[in-house]
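One letter stands for each residue in the lines below.
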Amino acid sequence: MRVAGYGRIDRSQTLSFRFDGRSLRGHPGDTLASALLANDVRLVARSFKYHRPRGILTAGSEEPNALVEVGRGPVKLPNVRATMQELYDGLLAESQNRWPSLDSDLLAINDVLAPFLGAGFYYKTFMWPQSFWEKVYEPAIRRAAGLGSFTREPDAHRHEKAFASCDILVIGGGPAGLMAALAATEAGADVILADESAALGGRFLSEDEEVGGAACAEWADALSARLRAMPNIRVMTRTAVTGAYDGGVFGALERVSEHVSALGEAPRDCFWRIDARAAVLATGALERPIAFGGNDRPGIMMASALRSYLYRWGVVPGRRVVLLAANDHARRTVRDLAAAGVEIAAVIDPRADAPPLDGIEAPFFAGGGVVTTRGRKSLRAIQIAGQAGARWVSADTLAMSGGWSPSIHLACHMGGRPRWDAALGAFLAPEPGARGAVPGLIPAGAAAGIYDTAGCLRSGRTAATLALEAIGKSAKPVDLPKADEAAGGHQPVFHIGGRGRAWLDFQNDVTAKDVKLSAQEGFVSVEHMKRYTTQGMAPDQGKSSNVAALAVLAEATGQSIPETGITTFRPPFVPVPLGAIGAGAQGKGYAPERFTTSDAASRARGAPMIEAGLWYRPSYFPAPGETTWREACDREVEMVRSAVGVCDVSTLGKIEFHGPNTGAFLDLVYTSRMSTLKPGRTRYGIMLREDGHVMDDGTTARLDNDHWVMTTTTAAAGQVMSHLDMVQQCHAPRLATRFASTTDGWAQFAVAGPKAAALLDALLDGGHDAGVFPFMACGTVAVSGVAARLFRISFSGEHAYEVAVPARFGASLWRLLVAYAEGLGGGPYGMEALNVMRIEKGFPTHAELHGRTTAYDLGLQGMMSTKKDFIGKAASTRPGLLDPARERLVGLKPVDPNGRLLAGAHLFNPGAKAVRVEDQGYLTSACYSPTLGHDLALGFVVSGPDRMGERLKMVDHLRRVTTDVEICSPVFLDPEGGRARA
């Protein structure tokens, strides 16, 4: 079925591939679809519901029929569009949704039973008898559900994710996209041009017209080469932009190596997050099928697809072709096929006043339509109804075109509603600035409803100019090539009455009758119709059927199409493999390991590492002669309390703020007032979720008027960052503040103990005077000429500091700090000692801030300002969250000094049974205190602060430990804070 002199394939090389076990041949540049058509393979799939024979309908990613499985074993991938799968030597493809074979599918019995399986039959059929649902109906439905099959073996493909940013993102590499990219690039903007095809040019690769005095495909190739040579543009072919999100973010799927036989080290695909300041939507338009009797037979295709197969791949899908279209653009298909030597059997134009085609010797039917068709596994004949009556015409291919729908999906991904253009008979993107419109996204070319070539080129340049203005850049003059300015006449055609079933959704087997039945049974909302009939829920997501279905529903309900409405566009635009979305999340990538700058030095000292969030931190530092962790932990606690210790706290979240309104923003985030904090000072604060429960605690330092640094707990760093983004976008979009996570950028170390000031005096350039650097102070210092930050804060309860340097100096500073500490009788300490000291001081961590506790539960209600608003304030004052009988934070100590306290154990009144209904509370943190000589614990007890001195029974059923305990203050050591403030 190849045509000499046509196509962009390399006929000097031959590729071998297999389809359903049959060995076939193609050429480099082919898609699987074009190679199948070249081998005269028409039957490629079976429909989902009735298992009707299906052939190739389109030439792009909107293809609803030709879905195949590619590969075998762990590299098998289902539901691959044959129209998008590039051919390579050794490609293995299998049809799906058939048994035992594609040619003889026994499940096609469903088509015989079609009168009993109409839209919504399952809602009525599977209701009775009730007991059949779990035993009969559900198992049968689950076995029949789904398209394609997965292997149970682990995914053998390698996937990647990547990030990019640009001034202007141009989505689509057709005429408008190429011109927009050129104009933006010439103006000096950083540009990304993304197109889902393997080559730029869009419809120019499927046309025979002149642009700028050259063939349009040659013009596109020349401009593509020119763009690739420019330094400020990234051209991304085989990349489909799949979704538009908040903040100028776009998702994109790049097919990296799906077109090669040997993957090697290359990933199969890459999922991109692209941050763009502005974007041009040049995604073109999708040609619409026409619903008429028997319109689903293999051999019935889109008119534009036939031109694509001719000009791009040198293939004609049939020998006798009929055209059914009511637009002048589709008439090119007849002229082009006739020029290639294909017999034109008939031309049908539903427009009563349509003129015949000049130079085409074929029957012409004005005001006509197709009544029905013949052929089971391939089209054989069509019946035409015209002004002169009905007649049968022998044909193996029917090219149809019901008009065009601008591809505006991305423009509606943030909730925008498209607007109907009656003149075009199509939906257009929401007006810029309309509710839900994607900010900064400018449609161009066919995506904006402009169908003539000159208009598309002009529209692309104009869109780029608007995008440049939006980001503060000036456009430079870019000449437009001379091109065709005639779009031609058109009349939308959605449904032609006739005999037999008129198919709308080819994959899900939804007919015009199904849509009418939906309206008849009261499902007149477009969303209800969609779910009742499954219209538009196939893998193509209604790209080829939605508008025609709306037209049928509008006719059935007596409304116009815009009054009927349209279903919601949601990402992704094309299917995205789960492996691509979760790229890297295998093995260690599933839970990435993060290491501090002191990791190697800590391990060299024999420190066992424990996980803290995603970080690895030293548990303790064993000394010679120590055989248990308790010995090391007790020594480290005593060392800090009596001399000085050094601990790496780089894992704490660090978020930096800049801007004059930062104080006001932090007032909204924290429960207490932060805006009154003076430069050079630090303040402790807590923040709530919107439901009134505590999210996190930490300190915020104000380094100067417009520069602040927030510290979060290790476990909640990501959660807090997301929370801040939400607060800024939803509650304070006009406050002049910007923030970014700098956790990885700074290495930070705690220096704690009575000799901490002496260590700093030796460490810092120019020395250190604790008298002029009081508790909760902050400032900039220098260590061996390196700019550093110093905070006088304490998590141990001792006189303490935290020193931060850029991460590249972290390992060196750690070695220096440890050396100075050892010279003063101290040394490093790990997480176990840190935990003991914070329990002794009653400081909460996420063991206590576990998501169900409030500021009132923690005894921090005094930090809830009554003079300002903050996130979670209203919810936190609900009576149930202020009930004195709630479980509230207390300290716990054993009545017998030798008694054991265990985190996770529950508390009961003496003499009560240790059962759930008698529960009085639970322990969240417990340790042995070498300072006090017995176990300590923090926990929550019903009405806890009102029960000081009361005794309870601690029971740990798992470890079979029971201990009598006494309720006490959660601050066991230095309740006045004299040590930290010394």
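The rules behind these values
- Residues numbered from 1 in each chain as written.
- Predicted model: local features only at pLDDT ≥ 70, side-chain atom pairs only at ≥ 80, totals over all residues.
- Heavy atoms only, no water.
- Phe/Tyr/Trp six-rings, centres within 6.5 Å; stacked < 30°, edge-to-face > 60°.
- Buried < 20%, exposed > 50% of the residue type's maximum accessible area, 1.4 Å probe, protein only.
- Helix = DSSP H or I, 4+ residues; strand = E, 2+ residues; numbered from the N terminus.
- 1 Å grid on protein atoms, 1.4 Å probe; cavity = no way out; pocket = protein on both sides within 12 Å on 5 of 7 lines; lining within 4 Å.
- Points joined across faces, edges and corners; volume = space filled by probe spheres on them.
- Nonpolar A, V, L, I, M, F, W, Y, C, P; charged D, E, K, R; others polar.
- Pairing = 2+ DSSP bridges.
- Axes fitted to C-alpha atoms, helices over the stretch in contact; angles between N-to-C directions.
- Parallel < 35°, antiparallel > 145°, perpendicular 65-115°, else oblique.
- Left-handed = near helix turned anticlockwise from the far one by under 90°.
- Contact = heavy atoms within 4.5 Å.
- Polar contact = N/O pair within 3.5 Å; in protein donor to acceptor, adjacent residues only side chain to side chain.
- Salt bridge = Lys/Arg side-chain N within 4 Å of Asp/Glu carboxyl O.
- Core = buried A, V, L, I, M, F, W, Y, C linked by side-chain atoms within 4.5 Å.

Caption draft 1: Fine view of the packing of aromatic side chains. Within the structure shown, the criterion is met by 16 aromatic pairs. Ring centres of phenylalanine 523 and tyrosine 532 lie 4.4 Å apart, and the angle between their planes is 15°; on these two criteria the pair is classed as stacked. When its relative accessible area of 31% is taken as the criterion, phenylalanine 523 is described as partly exposed. Relative to tyrosine 801, the ring of phenylalanine 773 lies with its centre 6.5 Å away and its plane at 35°, an arrangement referred to as tilted. Pair noted here: phenylalanine 773 is in the loop between helix H19 (756–763) and strand E41 (778–783) and tyrosine 801 is in strand E43 (residues 800–806), with a separation of 28 residues, a long-range link.

Caption draft 2: Layout of empty space enclosed by the protein. All told, the structure shown has 7 cavities of 30 Å³ or more when counted by the stated rule. Every residue lining the largest cavity is counted, 18 residues in all, and those nearest its centre are Ser405, Lys543, Asn546, Val547 and Phe569. The set of elements that each furnish at least two residues to the lining of the largest cavity consists of strand E25 (404–406) and helix H12 (546–557). Ranked by the residues each element gives to the lining of the largest cavity, the list is headed by H12, at 3 residues. Its residues placed into classes, the lining of the largest cavity shows 9 nonpolar, 7 polar and 2 charged. The space that makes up the second largest cavity amounts to roughly 50 Å³. Together, Leu37, Val41, Arg42, Gly55, Ile56, Gly299, Met301 and Pro317 line the second largest cavity. Along the lines of polarity and charge, the residues of the lining of the second largest cavity split into 5 nonpolar, 2 polar and 1 charged.

Caption draft 3: Layout of the pairing of E43. For E43, the tally of buried residues reaches 7 of 7 residues, placing the bulk of the element in the interior. Both strand E40 (residues 746–752) and E43 contribute to a ladder of 7 bridges, which runs antiparallel. Following the sheet pairing, phenylalanine 749 is matched in E43 by valine 803. When strand E42 (residues 786–791) meets E43, the two strands line up antiparallel, connected through 3 bridges. Looking at the pairing, phenylalanine 791 lines up with glutamate 802 of E43.

Caption draft 4: Representation of the packing of helix H5 (residues 175–186) against helix H9 (residues 453–470) in the model. Between H5 and H9, the shortest axis-to-axis distance is 7 Å and the interhelical angle comes to 40°. One element, H5, and the other, H9, form an angle in the oblique class. By crossing handedness, the relation of H5 to H9 is classed as right-handed. In this structure, H5 contributes Pro175, Ala176, Met179, Ala180, Ala183 and Ala184 to the contact, and H9 contributes Cys456, Leu457, Gly460, Arg461, Ala464 and Leu468.

Caption draft 5: Quick peek at the sheet that holds strand E35 (residues 653–658). The antiparallel open sheet is built from 5 strands, whose spatial order is E36-E37-E38-E35-E39. Each edge of the sheet is formed by a strand with only one pairing partner; in this case those strands are strand E36 (681–688) and strand E39 (738–741). Taken over all neighbouring pairs, the strand axes of this sheet differ in orientation by 25° on average, direction set aside. For E35 and strand E38 (residues 707–712), the ladder comprises 6 bridges, and the chain directions are antiparallel. Note that in E38 the partner of histidine 658 across the bridge is histidine 707. Lying on the sheet, helix H18 (residues 717–730) is in contact with E35, E36, strand E37 (694–704), E38 and E39; it crosses E39 at an angle near 160°.

Caption draft 6: Structural detail: the side chain of arginine 641. Within the element layout of this structure, arginine 641 appears in helix H16 (residues 629–642). By relative accessible area, which is 11% here, arginine 641 ends up buried. A polar side-chain atom of arginine 641 sits 2.6 Å from the main-chain carbonyl oxygen of serine 796. There is a polar contact of 3.0 Å between the side chain of arginine 641 and the side chain of glutamate 798. Every residue in contact with arginine 641, bar those within four places of it in the chain, is listed here: Pro754, Ser796, Gly797, Glu798, Met837, Glu840, Thr931, Leu973 and Arg979.

Caption draft 7: A look at the packing of helix H10 (residues 512–520) against helix H11 (residues 526–533). Running from amino to carboxyl end, H10 crosses H11 at an angle of 120°, the nearest separation of the two axes being 10 Å. Considered as vectors, H10 and H11 are oriented oblique to each other. You can see that H10 and H11 cross each other, and the crossing is right-handed. Mapping the contact onto sequence places Asp514, Val515 and Ser518 in H10 and Met529, Tyr532 and Thr533 in H11.

Caption draft 8: Main features of the pattern of salt bridges. Evaluation of the coordinates by the stated rule reveals 50 salt bridges. A salt bridge links arginine 332 to aspartate 484; the nearest nitrogen and oxygen atoms lie 3.7 Å apart. Linking arginine 332 in helix H8 (residues 331–339) with aspartate 484 in the loop between H9 and strand E29 (503–505), this pair joins segments that are 152 residues apart in sequence. One connected set of salt bridges, linked through shared partners, spans Arg52, Arg54, Asp111, Asp296, Arg376, Arg501 and Asp509.

Caption draft 9: Up close: the nonpolar core. Formed by 83 residues in total, the largest nonpolar core has its most connected members in Phe17, Phe19, Leu32, Phe292, Tyr309, Val322 and Ile382. The greatest single-element share of this core, amounting to 7 residues, is contributed by helix H7 (residues 303–313). Look past the residues within four positions of isoleucine 382 in its chain and what remains in contact with it is Val322, Ile348, Val370, Thr372, Thr373, Arg391, Trp392, Val393 and Leu398. Cys412, Val515, Ala548 and Ala549 belong to the second largest nonpolar core, which has 48 residues in total.

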